[in-house]
Amino acid sequence: MKANTKRCSRCKKQLSIECFNFSVKSKDGRGNYCKECNVEYQKIAQKRSYDKNPALHLLKKSCQAALRRSQLDYIRDGYANVTCDFKNVKEFFTDLWNDDRFRSEWIEQSNIYHMSRDLRDRPTLDRIDSKCRYEKGNIRMLPHWENVTEGAQKECQVYVIKDTRIDHRIDYSAMGEAKNAIAAIYGIPKNALNCVDRGTMVEADNGVRLLLETKDGQQKVTDESKHLMVMNRYEIVYDIDTGVEVARKHQQVQSEVSGIEVSTLVL
Ligand SMILES: [Zn+2]
């Protein structure tokens, strides 16, 4: 056996090692199926799972995404509050699925989506109190279109920070409006603002930084003009064919940033 080839356990072909995805589970660091077979296999598995129980399949997918997002949210904002109470996908969806009311609403919306195949009808997980985490009692089902609209309609404010001082504050009646304004005034491409959430600092030109906050976001008075920057760096390796994540390196950097006079935020 040469180390630079491997036999695919699905199509039985002896192929170059590059034809296999990375895999942390296997001894030689590569999966058992060749990339081509893996794509096929994933497609079949996804379809089988959906056909077996569309509502449950969609819920699993949503839980997966929420879990991933809640980790990413934390990183992005330096806020620990958008975390998830559930340790893994199974615990997450099982808990929701066992809730009679949630399950029946989820199934109903899944049926609508199944008929229309319109992404706007897809059931999604919504945090009832968006300041809190994904946890028992704080999750409900909302159709995708409603979830998006709700977030976009939240009142918010943008603090314009020049050097280390709050220069002024602008109020907006909706998140979407604020993002449009930021994009227009500061020439930031709108799609770069897609993932901007409350608590996010946006770097604009000329040393100007923008802080986006929702109206109910509580600014605390403090004498220490500091805030903590938490930066999580991920190096993620994706398989180019399947889009499946094959490896991830993580590094967290924390630094205290001084100079923002938080007390001046309180108007
Ligand atoms: Zn194969």
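Reading the values: the criteria
- Residues numbered from 1 in each chain as written.
- Predicted model: local features only at pLDDT ≥ 70, side-chain atom pairs only at ≥ 80, totals over all residues.
- pLDDT = per-residue confidence, 0-100.
- Contact = placed C-beta atoms within 7 Å.
- Core = buried A, V, L, I, M, F, W, Y, C linked by C-beta atoms within 7 Å.
- Buried ≥ 20, exposed ≤ 12 C-beta atoms within 10 Å, placed from the backbone.
- Helix = DSSP H or I, 4+ residues; strand = E, 2+ residues; numbered from the N terminus.

**Here we look at the confidence of the model for the chain**
For the chain, the mean per-residue pLDDT works out to 77, and 75% of the residues sit at or above 70. Confidence drops under pLDDT 50 across residues 258–267; counting only partners more than four residues distant or on other chains, this segment forms 24 contacts.

**Here we look at the nonpolar core**
In terms of nonpolar packing, the biggest core is built from 17 residues, with Leu59, Cys63, Ala66, Leu67 and Phe92 touching the most fellow members. Of all the secondary-structure elements, those providing two or more residues to this core are α2 (54–77), α3 (89–97), α4 (100–116) and β6 (139–143). The greatest single-element share of this core, amounting to six residues, is contributed by α2. The residues touching Ala66, leaving out its near neighbours within four places in the chain, are Cys84, Leu125 and Tyr134. Ranked by size, the runner-up nonpolar core spans nine residues in total, among them Met175, Ile182, Leu210 and Leu211.

**Some remarks on unusual backbone geometry**
At Lys12, a residue that is not glycine, the phi angle is positive and equals roughly 65°. Within the secondary structure, Lys12 sits in the loop between β1 (5–7) and β2 (14–16). The phi angle at Arg117 is positive, at roughly 55°, despite the residue not being glycine. Locating Arg117 in the fold gives a position in the loop between α4 and β5 (123–127). On the neighbour-count criterion, Arg117 (8 C-beta atoms within 10 Å) is exposed.

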